[in-house]
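Breakdown of the fold
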Amino acid sequence: WDGSTGVIKNIDEHQVPDIAYMGLYDFWDWEGHTAVSLNIAGDNYFTDAERVFQLAVHEGFHHVGQNGWKSHSGKRGTVFPLDSLPRLYRRSLFDSLNKYFQSSGQDASALKQASYWYNKWKTEYPDEALNSTDGYEGTARYVEYLANNVAILGCNVSEADLLKATQNMVEATYMKSFVDSSAFSLDGE
């Protein structure tokens, strides 16, 4: 599928580089355009078109939309031994941000609370804050959710309906994953 023209066409297998078969996805040049290949055969998670589309949008946003974003040196993951206090700060930050998002931006106190917890976390645990993948992964996940809802609801969806659908999706899928999480690791999305 050519995103600039909307045309779908088959390409010969010899036009696809070997690297495109080596992982779940890869980006490569095809006729002067960036192409993405998805190699999902045998993967039990990607069983429907919606999940495949979400993967393409998510990884595509990393590759194209976040191109040029400044990244911090460090590693992806939680520093061990695990300290419970930064987990509490981050959890409070996420809960406050979700409260603000679910209020459609009307609960200013929730945003102030999120700012408080974020500043506490980055001040008291600066190395951890630099290692976090929240900015990269959280943004890509949000774009993935928005794109999914536009694909379902259509390009003429109102801002209000898109917001409501995305709020429902975040609550049903993303925030649900935090309910039983005791570690709340830094490398989660």
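Our subject in this report is the structure included herewith.

The rules we used
- Residues numbered from 1 in each chain as written.
- Predicted model: local features only at pLDDT ≥ 70, side-chain atom pairs only at ≥ 80, totals over all residues.
- Heavy atoms only, no water.
- Core = buried A, V, L, I, M, F, W, Y, C linked by side-chain atoms within 4.5 Å.
- Buried < 20%, exposed > 50% of the residue type's maximum accessible area, 1.4 Å probe, protein only.
- Contact = heavy atoms within 4.5 Å.
- Pairing = 2+ DSSP bridges.
- Helix = DSSP H or I, 4+ residues; strand = E, 2+ residues; numbered from the N terminus.
- Salt bridge = Lys/Arg side-chain N within 4 Å of Asp/Glu carboxyl O.

With respect to the nonpolar core
Nonpolar side chains in soluble globular proteins tend to end up buried together. Formed by Val-16, Ala-20, Trp-28, Trp-30 and Ala-35, the largest nonpolar core amounts to 5 residues. Once residues lying within four places of it in the same chain are set aside, the contact partners of Ala-35 are Asp-26, Phe-27, Trp-28 and Trp-30.

Observations concerning the pairing of strand β2 (residues 33-38)
One ladder, built from 6 bridges, connects strand β1 (residues 25-30) with β2; its direction is antiparallel. Bridging across to β2, Asp-26 finds its partner in Ser-37. Hairpin geometry of β1 and β2 is characterised by an intervening segment of 2 residues between the two adjacent antiparallel strands and by a positive phi of about 50 degrees at Glu-31.

Digging into the pattern of salt bridges
On inspection of all chains with the given rule, the structure shows 4 salt bridges. For Asp-95, the salt bridge identified is with Arg-91, shortest N-O distance 3.0 Å. Placement of both Asp-95 and Arg-91 in helix α2 (residues 84-102) is noted, with a separation of 4 residues, approximately one turn of the helix. Here Asp-95 falls in the partly exposed class, since its relative accessible area comes to 35%. What makes Arg-91 partly exposed here is its relative accessible area of 26%. A salt bridge links Lys-99 to Asp-107, with the nearest nitrogen and oxygen atoms 3.9 Å apart.

Honestly, that's just the spatial picture; any functional story needs more than this.
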